Structures are given as structure tokens and as C-alpha cells.
Amino acid sequence: MKVLVVGGGGREHAILRKLKENPEVTELFAAPGNGGIGYDAVRVPIPATDVEGIARWASLEGMDYVVVAPDDPLAMGLVDRLTDKGIPAFGPTAAAARIEASKAFSKDLMKKYHIPTAEYETFTEVSAAREYLTRNQRWPIVVKADGLALGKGVLICRSREEALEAVEEMMVGGRFGASGNTVVIEEFLTGPEVSVLSFTDGRTLVPMVSSMDHKRALDGDRGLNTGGMGAIAPNPYYTPGIARVCMETIFLPTMEAMNAEGRTFRGCLYFGLMLTPDGPKVIEYNCRFGDPETQVVLPLLETDLFTVMRAVTEGSLRTVDVTFSHRSAACVVLASGGYPEHYEKGKVITGLVNGQLPESDAVVYHAGTALREGELVTAGGRVLGVTALGDTLEQAVENAYRAADGISFEGMHRRGDIGARALAAGK
Ligand code: AMP
Ligand code: GLY
């Protein structure tokens, strides 16, 4: 079987390495992949957003299956194009990807189908947004750009002045481009955050092991929001009782809501949840695997990933017994100094042989690396993710940090407290 994975980050590397475990998958390709992914798959130099280019190449080269991992090509309809060409693909159609691509759409969906989420209003006119903020008395408040903004289109505003400024920047200043033409202003929720990825074919929904992202750049959840500085799984806040409530009030109702809207979702549906004092609520949906959650969730998956993915595409997920290990996983991200703002690239990475740590059980997922004359160098903000397992979360975290200690590059930045909040919760 020839399988193509679209995308080029740590998440895609984790998917590729899991697919590789199936002996039927004889040829693996990544478009565009990255330097380190090149050790596990043949790289195809087509950007993930070149929908036509990828569909044409996949057809020409006779791909048997394609996994579309990032949000942009999903929202642009890459799965629809592949399906048109008769190539089975993992991921939602553009119509279903709207659950992530438009916050206004997802908020309206939740309201219509009584799925718990923060109270909100949607604005397409800046004057109406200003007026709403002038009347509002409860702070902080959350201002969100409607469209895809690399997870950066969310501003938590502590005062009216901050909120007015945020609305001005998004709706007038064009800070997030067209994504900010429409904004959602919503109630500020509190509580621990949990990520739950799920497999669904529109009839059956199987939640994966829960996880926790670490979005801020610095220890103690300080600093700017990033694409994610590390993750752990399972998330100790997500008890079996809470899992049952989520299945009944959020997961299955969302699957059914998408069916009722004629936008059946097939793929990985990601639930970003907040466990508020009033119960679990949806903070966001993603139409894809989360990054870096995938780097801790997939290593715990015991069932063959390729089998699960094909069942999702074929609508036979019910027939597959999807199981996860009861161990724990931790992923520590090694980033370029200065990320998520300005950072330099091209720094030589030491400690790896063929992209992995020699004599270590930990796995290194490549996010932003390139090969320069046979040498691995940094090529992005998030460079590597080091994932280790353990019988307990504490051991997994310790193993991940011990492994990460073996890698260095100039200016390297990592958080020192991945898993600390989860470990405190478990005590
Ligand atoms: P999002 O891109 O929607 O996941 O938002 C990014 C982050 O902003 C989330 O992970 C939360 O930490 C925070 N956030 C988003 N919406 C809210 C909310 N209504 N209340 C509190 N925090 C929020
Ligand atoms: N980790 C959050 C995301 O993938 O959007």
C-alpha cells in the first residue's frame, strides 16, 4: 500500500511512525514533510495547501490512501478532491471542516443543539461590537477571530479598553486577515482544560485517551500563546465520570448535530474542553488531530492506526475494537529561542543519529528541522518533540526530560514544567 500523509510537523511525524507499524503499508510519503520526517517517509515537495497539486500527484503516483492532517487543506476541500479522484482519504470534507474553520458556525451549532459552551455573540459590524462592549460589565471577556488563525486569533481581554482594542485590531486593523472580519465575543470560563481527540465515521464515535496541551511559551503558563510547548496523556482531571458526561452531552450530540446539518464528520474530531464549575464545556472544536496532543496520544494507541483510519473512511468504525495502553506519555517540545516571536533558523542539532536518540526508548518527532549537507538543522519555531512513556505520569515526564537532555542546539528553549499541573492534580 502506498500511503501519503499531508503536512509537515510533529503531529504528522507521529501519524507517519504509527502508520509504519502496519506491514501492509509498504511505501510512505509526506507532503511536504520536513528534514527529520525524511528518515521515515519519502518527501514530496508540494505544500500542504496546494490542493490541486497534491490531488494530482496522489492520483498520478497511485496512492492507495491519503491522510490529510492540517486544518487548511481540510478547510480547502482536499479530502473532497481526493474522493472525486477515487482516492480514499482520512479527514472531513470541507463542509464538515467548517466546525473548526468558522467559530461563528461552531458556536451557532452548539447553541442550536444545546451543546454546553460559553455564552457568546457574533459580530460582523465593528460598531455593533463596540456597542456591546460598552454595555458589558463582566470582565475578562474573550474576543475570537472567526476563521483559522494558527490558534492565535483568541484574545483574553481583562478590561473594556483591552477588548475594544482587540476588536479594533481584528475588525479594522486586519490583524488576522480575513479571519477577523467576523468576531465572536464570549464569556470567560475557568477550570482545567482537557483535550479529547476522537475517531468518528458519523455513526460511531470513539474517544481517544485524554490529554493536556501546554500552550504558553514559559513555565507556570506565562508568556505568549504558542502552537503548544508539550503535552501529557492521560489528563488526570478527566475522570471516568466526566468522560461519561462528555460522551452524553458533548461528543455524541456533536456527531449527531453534524449529521443533522448534512455535514457528516468523518475523521478525527478534536474537543477542546474546559471543566468549569458548571460542568464540561466546549472551548473549541478542531477538525483534525491536535498538535502536540497527537505526539502523546498515538504512542498509547494499541490498535493498528491504519486499520482504524480505513474503517473511519469506509464507515465501519463500529467493527473495530480501538484500545489504548494504560500507561502514560509525556512530550517535551524543544523550540527555537525567541519563539513564538522572532527566532533564527539553521542551527545545528546535536545528539541525534538518523533523527532519533541512540539507546533511548523515547521517540523524537520532528516539527521544524531541515537537512543541510547531511546535517540536521533547525528550520522552524517548534523544532522537535521528545515523547516518552512511563507506567505513571511522573515516570513518563521524567523519561521525556531525561531523553530531551541528550539534544541541543544554539538558543534552544523548552519549558521545564510539562506535566507539573497534571501531576499536582493527581495528588
Ligand atoms: P482556542 O483557540 O479557541 O482554543 O483558544 C485558545 C485558548 O484560549 C484556549 O486553550 C483557552 O485557554 C483560552 N480560551 C478560549 N476561550 C476561552 C473562554 N471562553 N474562557 C476562557 N479561556 C478561553
Ligand atoms: N493543540 C491544539 C491544537 O492543535 O490546535
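Scroll up for the structure.
It should be emphasised that the depicted structure is a prediction, and the values quoted were computed from it without experimental measurement. Starting from 1, residues in each chain are numbered consecutively following that chain's sequence as written. Chains carry letters from A onward and ligands carry numbers from 1 onward, assigned in written order. Side-chain atom pairs in this predicted model are given and counted only at pLDDT of 80 or more, local residue features only at pLDDT of at least 70, and totals for whole chains, interfaces and linings cover all residues. Water and hydrogen atoms were dropped before computing side-chain values, which therefore reflect all heavy atoms in the structure.

A. Broad picture of unusual backbone geometry. For the bond from Ala31 to Pro32, the omega torsion is 0°, close enough to zero to count as cis. Strands here mean DSSP runs of E at least two residues long; helices mean DSSP runs of H or I at least four residues long; both are numbered from the N terminus. Of note, Pro32 is situated in strand S2 (residues 27-32). Cis geometry is found at the peptide bond from Trp139 to Pro140, where omega equals -5°. If you trace the backbone, Pro140 turns up in the loop between helix H7 (126-135) and strand S7 (141-145). The phi dihedral of Asp221 falls on the positive side, at around 55°, and the residue is not glycine. With respect to the helices and strands, Asp221 occurs in the loop between strand S13 (216-218) and strand S14 (222-225).

B. Seen up close, the site of ligand 1. Close contacts around ligand 1 come from 15 residues, with Glu186, Glu187, Leu189, Glu193 and Glu284 the closest. Here a nitrogen atom of ligand 1 sits 2.7 Å away from a polar atom, N or O, in the side chain of Glu186. Each polar contact in these results corresponds to two N or O atoms within 3.5 Å; when the atoms are within protein, one needs to be able to donate a hydrogen and the other to accept it, and residues that are neighboring in sequence are counted only if both atoms are side-chain atoms. Glu193 is positioned with one of its side-chain polar atoms (N or O) 2.4 Å from an oxygen atom of ligand 1. Taken together, the elements giving at least two residues each to the shell around ligand 1 come down to S7, strand S8 (154-157), strand S9 (183-187) and strand S17 (279-286). Residues are sorted three ways: Asp, Glu, Lys and Arg are charged, Ala, Val, Leu, Ile, Met, Phe, Trp, Tyr, Cys and Pro are nonpolar, and all the rest, Gly among them, are polar. Partitioned by chemical class, the residues of the shell around ligand 1 number eight nonpolar, no polar and seven charged. A molecule or strand has a residue near it when one of that residue's heavy atoms lies within 4 Å.

C. Inspection of the nonpolar core at higher detail. Within the largest apolar cluster, 46 residues are counted, with the highest numbers of intra-cluster contacts made by Leu4, Val66, Leu82, Ile99, Phe251 and Leu273. Note on contacts: a residue pair qualifies if any of its non-hydrogen atoms lie within 4.5 Å across the two residues. Every residue in contact with Val66, bar those within four places of it in the chain, is listed here: Leu4, Val6, Ala58, Leu82, Ile87, Pro88, Ala89 and Phe90. In plain words, nonpolar cores are sets of buried Ala, Val, Leu, Ile, Met, Phe, Trp, Tyr and Cys residues tied together by side-chain atoms within 4.5 Å. Three exposure classes are used, based on accessible area relative to the maximum for each residue type with a 1.4 Å probe and protein chains only: buried under 20%, partly exposed in between, and exposed over 50%. Residues Leu19, Leu28, Leu197 and Leu301 belong to the second largest nonpolar core, which totals 42 residues.

D. Summary view of the packing of helix H5 (residues 94-101) against helix H6 (residues 103-112). Axis definition: a line fitted to C-alpha atoms, over the contacting stretch in the case of helices. Angles run 0 to 180 degrees between N-to-C directions. Two elements in contact, H5 and H6, have axes separated by 6 Å at closest approach and are oriented at 90°. Classified by the angle between their axes, H5 and H6 sit roughly perpendicular to one another. For the pair formed by H5 and H6, the contact residues are Arg98, Ile99 and Ala101 on the first element and Lys103, Phe105, Ser106 and Leu109 on the second. Reported orientations rely on four angle classes, namely roughly parallel under 35 degrees, roughly antiparallel over 145, roughly perpendicular from 65 to 115, and oblique for the rest.

E. Quick peek at the layout of surface pockets. Estimated volume of the second largest pocket: approximately 330 Å³. Lining of the second largest pocket is provided by 18 residues; of these, Asp361, Ala362, Val363, Thr387 and Leu389 occupy positions nearest its centre. At the level of elements, helix H1 (10-19), strand S19 (363-366), strand S22 (382-390) and helix H12 (393-404) are the ones that each hand at least two residues to the lining of the second largest pocket. Split into classes, the residues belonging to the lining of the second largest pocket amount to nine nonpolar, three polar and six charged. Both site types are read off a 1 Å grid over the protein atoms alone. A 1.4 Å probe that fits but cannot get out defines a cavity, while an open set with protein on both sides within 12 Å along at least five of seven lines defines a pocket; lining residues have an atom within 4 Å of a point. Grid points are joined across faces, edges and corners, and a volume is the space filled by probe spheres set on the points.

F. A look at the pattern of salt bridges. Salt-bridge detection follows one rule: a side-chain nitrogen of Lys or Arg within 4 Å of a carboxyl oxygen of Asp or Glu. The tally for this structure, following the rule as stated, stands at 24 salt bridges. Between Arg402 and Glu398 there is a salt bridge, with its nearest N and O atoms 3.6 Å apart. Note that Arg402 and Glu398 are positioned in helix H12 at a spacing of four residues, about one turn of the helix. The partner of Asp417 in a salt bridge is Arg415, and the shortest N-O contact between them spans 2.8 Å. Of the two residues, Asp417 and Arg415, neither departs from the other in class, the shared state being buried. Salt bridges sharing common partners tie together Arg17, Lys20 and Asp40.

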